[in-house]
Amino acid sequence: MRLDGPADVVVVGGGVTGCSCALTLARAGLRVRLQDAREIAGGASGRNGGFALRGGSAPYDVMRTSMGADAALRLWRTTEDAIDEMEVLAGDALRRLGSLRIAVDDEERDELRAEYDALVGDGIAAEWVDDLQGPLRGRFTAALRHPTDAALQPARWVRRLAALAVEAGVEIREHARLGSLDDAGGAIVVVCTDGYPSRLLGELDGLIVPTRGQVIATEPLEELWFEVPHYGRHGFDYWHQTPDGRIVAGGFRDTSLEAEFTDVEETTPVVLAALEGFVASLAGRPLRVDYRWAGIFGLVLDFLPVVGRVPGEERAWVAGGYSGHGNVLGYLCGQLVARAIVGDRDPLLDHFEPARLLNA
Ligand SMILES: Cc1cc2nc3c(=O)[nH]c(=O)nc-3n(C[C@H](O)[C@H](O)[C@H](O)COP(=O)(O)OP(=O)(O)OC[C@H]3O[C@@H](n4cnc5c(N)ncnc54)[C@H](O)[C@@H]3O)c2cc1C
């Protein structure tokens with residue numbers, strides 16, 4: 001559909017954040033146009049590992065220290081509520097399976113135990129797993145199960161969210177890069193581009209650091225070992241199986257850490273080799289790899305999202321910087337920035353203030 005007149009708000013970015021923001025604004029009665037340089041879910045939202053995880057991108061006990069105990073608890077609870085909402089909206093694009101955060105050695109086991117203790121101490125559901133099964137047995141030392149997490153078919157989910165936004169009155173323009181804030185014709189602009197450089201953020205440009213993630217999907221396997229999202233080595237490795245049995249595995253950025261701080265969206269032989277070796281070791285045999293892809297996410301040094309007004313720009317807002325943890329945070333932060341624009345600012349935004357990046 002097309003708006004019959006000028007937009008009140010132009011949302012930039014057709015990923016989970018932009019679609020969630022546009023939907024929330026339209027439901028609040030604003031006239032909204034969403035633009036993407038490519039297409040809906042063409043960025044990280046359609047290229048990611050499909051883990052819908054509660055919380056922030058650092059462990060709960062670490063976030064308790066960095067944000068304060070009350071704020072961390074609120075963030076975890078709010079993201080759990082967000083997954084509840086996503087479950088209702090996503091249909092078969094979301095499976096509420098929980099997730100398994102795995103320890104590769106005793107040091108990581110101790111870290112997971114500290115997170116587990118902090119979670120259960122604050123009444124947040126978590127389970128400790130000592131007896132790992134199947135290919136995990138003997139290879140990993142323990143795991144922390146997060147029972148409220150989920151597995152996503154991310155592109156399908158975001159397209160559904162976009163369809164809801166259209167139903168609510170949003171005009172979507174694909175293959176329509178916004179070149180400058182002035183091109184929005186005086187409308188409020190919300191920049192929802194996470195790791196993809198938008199060139200719209202003024203002094204903030206580049207401070208949400210573009211970071212590449214690479215992913216493979218294998219041939220379908222008969223065995224279903226990893227239905228639940230699995231992730232270890234502080235999230236550097238992550239994998240799960242799709243309902244048709246393919247192992248989807250991503251990560252191993254640390255095999256060429258510096259080179260992966262880039263916005264060049266292409267796979268590299270070194271990371272692909274690490275991923276292919278890893279899935280073969282999990283299966284105990286070489287596996288055919290049917291799909292390989294790369295995407296860009298936005299990394300922030302304090303591991304907190306960046307949501308609020310763009311410093312020095314009266315009419316521009318931003319929501320992004322999820323540090324590789326944007327499936328749920330993106331959905332939530334799209335709502336939070338929209339609510340702030342209509343004057344219903346959530347106190348969590350005190351912790352996500354964009355201007356902090358200028359002083360870091
Ligand atoms: C390989 C990989 C694996 C990941 N795995 C997970 C995971 O398992 N779980 C998890 O929670 N998170 C994961 N993430 C992170 C997550 O995917 C992202 O944080 C999230 O999708 C960001 O969504 P977004 O809507 O903010 O941005 P995106 O989905 O990246 O969308 C940004 C859009 O902005 C558009 N754009 C940029 N500039 C302009 C402009 N000037 N004008 C118009 N359009 C513009 C781009 O074309 C792009 O489509 C992963 C990321 C990657 C790359």
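Cut-offs applied
Residues numbered from 1 in each chain as written. Predicted model: local features only at pLDDT ≥ 70, side-chain atom pairs only at ≥ 80, totals over all residues. Helix = DSSP H or I, 4+ residues; strand = E, 2+ residues; numbered from the N terminus. Contact = placed C-beta atoms within 7 Å. Pairing = 2+ DSSP bridges. Axes fitted to C-alpha atoms, helices over the stretch in contact; angles between N-to-C directions. Near = placed C-beta within 6 Å. Nonpolar A, V, L, I, M, F, W, Y, C, P; charged D, E, K, R; others polar. Domains from an automatic or database assignment. Buried ≥ 20, exposed ≤ 12 C-beta atoms within 10 Å, placed from the backbone.

**Let's talk about the overall build of the protein chain**
Here's step 1: Along the protein chain, the regular secondary structure elements total eight helices and 17 strands.
Here's step 2: Along the three orthogonal principal directions, the C-alpha set of the protein chain runs to about 60 × 45 × 40 Å.
Here's step 3: The long-range fraction of contacts in the protein chain, counting pairs at least 24 apart against all pairs at least 6 apart in sequence, stands at 75%.

**Here's the deal with the sheet that holds strand β1 (residues 9-12)**
Here's step 1: Judged by pairing direction, the sheet is mixed, and its six strands sit side by side in the order β9-β2-β1-β10-β17-β16 without closing on themselves. Of all the strands in the sheet, just β9 (171-173) and β16 (306-309) have a single pairing partner and so form its edges. Across the sheet, the mean angle separating the axes of adjacent strands is 20 degrees when strand polarity is ignored.
Here's step 2: Inspection of the sheet shows strand β2 (residues 32-35) paired to β9 by three bridges, in the parallel sense. When the sheet's bridge partners are listed, Leu34 is paired in β9 with Ile172.
Here's step 3: Sheet contacts for helix α7 (residues 326-341): β1, β10 (188-191), β16 and β17 (316-320); angle to β17, the most-contacted strand, approximately 160 degrees.

**So, the sheet that holds strand β4 (residues 94-95)**
Here's step 1: Read from one edge to the other, the open sheet built from three strands follows the order β3-β8-β4, with strand pairing classed as antiparallel. Among the strands making up the open sheet, the edge pair consists of β3 (51-52) and β4.
Here's step 2: Here β4 runs beside strand β8 (residues 150-152); their pairing, made up of two bridges, is antiparallel. When the bridges of β8 are listed, Arg95 appears paired with Ala151.

**A word on the site of the ligand**
Here's step 1: The environment of the ligand is formed by 42 residues, the closest being Gly15, Gly43, Gly213, Gly295 and Gly326.
Here's step 2: Listing elements by their share of the shell around the ligand, those giving two or more residues are α1 (16-27), β11 (209-220), β15 (289-299) and α7.
Here's step 3: A class-by-class count of the residues in the shell around the ligand yields 14 nonpolar, 23 polar and five charged.
Here's step 4: Each of two domains, domain 1 (9-48 + 154-203 + 302-359) and domain 3 (209-299), supplies a minimum of three residues to the shell around the ligand.

**Side note on unusual backbone geometry**
Here's step 1: The phi angle at Ala41 is positive, at roughly 65 degrees, despite the residue not being glycine.
Here's step 2: For Ala41, a count of 23 C-beta atoms within 10 Å corresponds to the buried category.
Here's step 3: The backbone phi angle of His234 is positive, close to 55 degrees, even though this residue is not glycine.
Here's step 4: Checked against the element boundaries, His234 lands in the loop between β12 (230-232) and β13 (237-241).
Here's step 5: Residue classification places His234 among the partly exposed positions, given that 13 C-beta atoms sit within 10 Å.

**Let's talk about the domain arrangement of the protein chain**
Here's step 1: The assigned domain composition of the protein chain is domain 1 (9-48 + 154-203 + 302-359), domain 2 (99-147) and domain 3 (209-299).
Here's step 2: On a C-alpha basis, the centres of domain 1 and domain 3 stand 27 Å from each other.
Here's step 3: Counting from both sides, the interface comprises 14 residues of domain 1 and, opposite them, eleven residues of domain 3.
Here's step 4: Its residues assigned to classes, the side of domain 1 that touches domain 3 comprises four nonpolar, eight polar and two charged.

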